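Structural characterization, general
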Amino acid sequence: MRKLDQKHIQWLENNFPGRYTIDPRERSMYSHDIGSIPATIRPFLGNTTPSAVVQPVSEEEVQKPIKWALSERIPLVPRGKSTSSYGGVLPVKGVIVVDFCRMAEVIEVKDDTVTVHSGIS
Ligand SMILES: Cc1cc2nc3c(=O)[nH]c(=O)nc-3n(C[C@H](O)[C@H](O)[C@H](O)COP(=O)(O)OP(=O)(O)OC[C@H]3O[C@@H](n4cnc5c(N)ncnc54)[C@H](O)[C@@H]3O)c2cc1C
């Protein structure tokens, strides 16, 4: 499992003040999606609690952690509404979850196509 050090946490504090968490209880809520993983598969996944969660509010703020995580070699897992229920949002490598809950706007409605942010319900 990838551990974050104090330098990483300071980066999160500087770039996502009030919109990141390393709190164990809050992080545990990101350790599952709406489905329940079958007991026979669960042991293969190991620890699915992320090391931290960030909540961007704009495209620029999505790009920021990607560039940083690439340079620090920290895996990121995007999370929409976590409704896929097949475990795609489970952070199996102790990573940072990028939670899109604050990006939930309709961007454009054109003909029969609606463009939306990833966190929309
Ligand atoms: C009851 C039920 C019925 C369904 N019926 C259908 C159906 O008829 N047809 C169908 O196609 N699907 C169906 N689905 C699946 C549905 O497509 C998923 O629930 C939905 O796509 C997941 O969206 P989400 O935002 O909740 O993503 P999540 O569940 O949060 O994530 C799904 C995957 O996408 C990734 N991801 C999330 N956000 C981003 C992002 N911004 N950028 C890149 N990757 C991202 C995640 O890491 C994960 O791997 C059904 C699901 C349920 C629970």
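The paragraphs below set out a description of the structure included in this document. (Residues numbered from 1 in each chain as written. Predicted model: local features only at pLDDT ≥ 70, side-chain atom pairs only at ≥ 80, totals over all residues.)

Some remarks on the overall build of the protein chain
- When helices and strands are tallied, the protein chain shows four helices and six strands.
- Listing each helix as α and each strand as β along the protein chain from the N terminus yields α-β-α-α-β-α-β-β-β-β.
- Compactness check: the protein chain gives a C-alpha radius of gyration of 15 Å against a globular reference of 14 Å for 121 residues, within 12% of the reference.
- For the protein chain, restricting intrachain contacts to residue pairs at least 6 apart in sequence, the fraction spanning at least 24 positions comes to 58%. (Helix = DSSP H or I, 4+ residues; strand = E, 2+ residues; numbered from the N terminus. Rg over C-alpha atoms; globule rule 2.2 N^0.38 Å. Contact = placed C-beta atoms within 7 Å.)

Looking at the pairing of strand β5 (residues 106-110)
- Along β5, only zero of the five residues are buried, which leaves the element largely exposed.
- By the bridge criterion, four bridges tie β5 to strand β6 (residues 113-116) in an arrangement that is antiparallel. Bridge pairing in β6 links Glu108 to Thr115.
- The antiparallel pairing of β5 with β6 creates a hairpin that spans two residues between the two strands, and Asp111 there sits at a positive phi of about 50°. (Buried ≥ 20, exposed ≤ 12 C-beta atoms within 10 Å, placed from the backbone. Pairing = 2+ DSSP bridges.)

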